[in-house]
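Summary of structural features
Each chain, written out:
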Amino acid sequence: MKRIHLFIALLAAAPAFANDIDPLGLERRAGVSATSRAQVVAELRAAQAAGQLSSGEIGVAFTSEPSTKTRAQVVAETLEAARLGVLASRGDIAPVIATPAQERQIELAGLRARGYTAEK
């Protein structure tokens, strides 16, 4: 009877022990550094002064170019791509590449959403 209780206790404790595996020893080295914060700041300032880093490169969010497409155009292109089956779903390993004809159909759907008509 005692063996059964011991076995059940070990099974119940197994998930707690299984989560404590660190084969590379990263937890021991996580906060250890050979340089102090002051040295790191001094190295950063020296790199900025030498022109290796711009002064605003750290801590500044990068902005992209403003979009030239309207929301309706993006929605229309996304719906057309989904209809053609070129949108990758979650879990796909390889990206789905549209053919030139499919890309043209997606582009035309976006232009129709902006009010342009496709004339041949």
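Definitions and limits used
Residues numbered from 1 in each chain as written. Predicted model: local features only at pLDDT ≥ 70, side-chain atom pairs only at ≥ 80, totals over all residues. Heavy atoms only, no water. Helix = DSSP H or I, 4+ residues; strand = E, 2+ residues; numbered from the N terminus. Buried < 20%, exposed > 50% of the residue type's maximum accessible area, 1.4 Å probe, protein only. Contact = heavy atoms within 4.5 Å. Areas by Shrake-Rupley, 256 points an atom, 1.4 Å probe, with all protein chains shown as cover. Expected span 1.5 Å × (residues − 1). Patch = residues over 30% accessible without salt bridge, like charges linked within 9 Å, V, L, I, M, F, W, Y side chains within 5 Å. Salt bridge = Lys/Arg side-chain N within 4 Å of Asp/Glu carboxyl O. Axes fitted to C-alpha atoms, helices over the stretch in contact; angles between N-to-C directions. Left-handed = near helix turned anticlockwise from the far one by under 90°. Arc of directions from axis to C-beta.

In this section: the overall build of the chain. Looking only at helices and strands, the chain has five helices and zero strands in total. Put simply, the chain has 120 residues, and 12% of those count as buried. Counting only contacts in the chain whose residues sit at least 6 apart along the sequence, the fraction spanning at least 24 positions is 46%. Working note: accessible area of the chain is about 10800 Å², and carbon and sulfur atoms make up 60% of it.

Moving on, we get to helix α5 (residues 100-114). Across its 15 residues, α5 extends 21 Å between first and last C-alpha, which sits within 8% of the 21 Å expected from 1.5 Å per residue. Residues of α5 that are buried include every one of Gln102, Ile106, Leu108, Ala109 and Gly110, and no others. Buried residues along α5 sit in contact with α4 (71-84). Backbone geometry just downstream of α5 places Gly115 in the positive-phi region, at approximately 105°.

On to a nonpolar patch on the surface, then. Among the surface-exposed residues, Met1, Ile4, Phe7, Ile8 and Leu11 lie close enough to one another that they form a single nonpolar patch of about 590 Å² accessible area. Its place among the elements puts Leu11 in helix α1 (residues 2-18).

Moving on to the side chain of Glu77. Relative to the assigned elements, Glu77 resides in helix α4. Those residues in contact with Glu77, other than ones at most four positions away along the chain, are Lys69, Ile106, Glu107 and Gly110.

Packing of α4 against α5 leaves a shortest axis separation of 8 Å and a crossing angle of 145°. When the axes of α4 and α5 are compared, the crossing they make is right-handed. Residue-level contacts link Ala72, Gln73, Ala76, Glu77, Glu80, Ala81, Arg83 and Leu84 of α4 to Gln102, Gln105, Ile106, Glu107, Ala109, Gly110, Leu111, Ala113 and Arg114 of α5.

All chains considered together, the criterion is met by three salt bridges. Glu77 is the partner of Lys69 in a salt bridge, and the nearest nitrogen-oxygen pair spans 2.9 Å. Residue class for Lys69 comes out partly exposed when judged on its relative accessible area of 39%. Notably, a salt bridge pairs Arg83 with Glu80, separated by 2.6 Å at the nearest N-O pair.

Turning next to α4. Taking 1.5 Å of rise per residue, 14 residues should cover 20 Å, and α4 covers 20 Å from first to last C-alpha, within 8% of that figure. Among the residues of α4, those classed as buried are Gln73, Ala76, Glu77, Glu80 and Ala81. Viewed end-on, α4 has its buried residues packed into an arc of 130°, placing them on one side of the element. In α4, the exposed positions angled more than 90 degrees off the buried face are occupied by Arg71, Leu79 and Arg83. For α4, the secondary structure elements touched by its buried residues are α5. Just past α4, the residue Gly85 takes up positive phi, approximately 80°.

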